[in-house]
Amino acid sequence: MTEGTKRIPATLIKGDGIGPEITGATLAVLDALGSPFVWDEQTGGETAIALGLDPLPDATLESIRRTKLALKGPLGTPSGGSYRSVNVRLREAFNLFANVRPARTIVPGRYDGIDIIVVRENLEGAYTGDEHWEEVEGDPKGAGVAIVRNTRKGAERIVRYAFDMAVRLGRRKVTVVHKSNIIKIASGLFLSVAMEIAKEYEGRLEVDSMIVDATAERLVTKPEIFDVIVTTNLFGDILSDQVAGLVGGLGLIPGGNIGTEAAIFEAVHGTAPDIAGQNKANPTALMLSAATMLDHVGEHEKATRLRNAIEKTLQSGQRTGDLARLPGTVTVLSTSDYAKAVIANLG
Ligand code: NAD
């Protein structure tokens, strides 16, 4: 940290699987940049379970309560069993209602010129954990039932967040994505609330709406019609991964979980257990998440320097293996060598 740099306390969770590798690479770049963050390192997920702790330890929650700011590697939740997703629990604990996932073409690939932000409602919909078994013809587990619950307040909050963000960033259009033709009450409420609020933004923002299945098709055949998408939890989860695919894959998409109590920045991807411990994961998504975190605390100049260095590195053909298939002459780098290349391009 250079002299005169602001010091901002922030919680660091390195995460599971590839988490420690991509976090190590991101911290190296942030150090070289002279980042303001003073880290309080905490644990979670499978790493915490292996230490005999709850997957979301109290110390981790207390740290985020204090700093109101975190950079987080991916956390795994054992499938099945009684564990609830740590990621979902974190969102609930800090009321992180908005999940913002921007996808922009950095390296031209199958699609060029993509610049789409998915704003996903992060607390409601199909992700409330309100599930139960129902007996069918004597089978006590004959039906698995999950409740989809969208509230008027929740819809208002995420839609206003997306519209205000779009106006602030000078974006041209917001598309409200829904499935109100089938899920008439839950998805219908979201759509009607959004279109009602859209009237307040007339003249400042174009707002349209689209059914989720049509959106999935249009994203592939005509992605240029999209600018900002706002949608409910499950649709946002799926569509943001699809949009990631348009710009080269999950290794490139940052994410911010923004709430009333805190903000937590993380990559969209998971723990990638298939490549963990091999020093070949792409740390770009977490580095870009760190750039968003710098913007969040008002350090725009450093955020821009970091983004420019990442773009320069990728465009010069220095990439991790997951991006080797994109056009151009490519030098495949390890996670740690890629971090060194980004540092060299910080200028
Ligand atoms: P995943 O995102 O971990 O992996 C999907 C595929 O993408 C894999 O082939 C992986 O190798 C590749 N990939 C992902 N990130 C990459 C990167 N940075 N560089 C190169 N390749 C990358 O998805 P999954 O396999 O469905 O999930 C694994 C675990 O991660 C699960 O336990 C899941 O619950 C968890 N998860 C956590 C988060 C989070 O913490 N926010 C998000 C999604 C999944």
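Description of the structure in this document.

So, how was this worked out
- Residues numbered from 1 in each chain as written.
- Predicted model: local features only at pLDDT ≥ 70, side-chain atom pairs only at ≥ 80, totals over all residues.
- Heavy atoms only, no water.
- Axes fitted to C-alpha atoms, helices over the stretch in contact; angles between N-to-C directions.
- Helix = DSSP H or I, 4+ residues; strand = E, 2+ residues; numbered from the N terminus.
- Parallel < 35°, antiparallel > 145°, perpendicular 65-115°, else oblique.
- Left-handed = near helix turned anticlockwise from the far one by under 90°.
- Contact = heavy atoms within 4.5 Å.
- Nonpolar A, V, L, I, M, F, W, Y, C, P; charged D, E, K, R; others polar.
- Pairing = 2+ DSSP bridges.

1. What to know about the packing of helix α5 (residues 152-168) against helix α6 (residues 186-198)
Then comes step 1: Direction vectors running N to C along α5 and α6 enclose 45°, while the axes themselves pass 9 Å from each other. Here α5 lies oblique to α6, going by the angle between them. As α5 runs across α6, the sense of the crossing is right-handed. Mapping the contact onto sequence places Arg152, Ala155, Glu156, Ile158, Val159, Arg160 and Phe163 in α5 and Leu189, Phe190, Val193, Ala194, Ile197 and Ala198 in α6.
Then comes step 2: Across the contact of α5 with α6, the residue classes break down as 10 nonpolar, no polar and 3 charged.

2. Let's talk about the sheet that holds strand β10 (residues 228-231)
Then comes step 1: Pairing in this open sheet of 10 strands is mixed, and the strands run β2-β1-β3-β12-β11-β4-β5-β10-β8-β9 from one edge to the other. What marks the edges here is a single partner per strand, and that holds for β2 (37-42) and β9 (206-211). For this sheet, the mean angle separating the axes of adjacent strands, direction not counted, is 25°.
Then comes step 2: Bridging between strand β11 (residues 254-258) and strand β12 (residues 263-267) involves 5 bridges; their strand directions are antiparallel. Bridge assignment links Asn257 to a residue of β12, and that residue is Ile264.

Treat this as a map of the structure, not an account of what it does.
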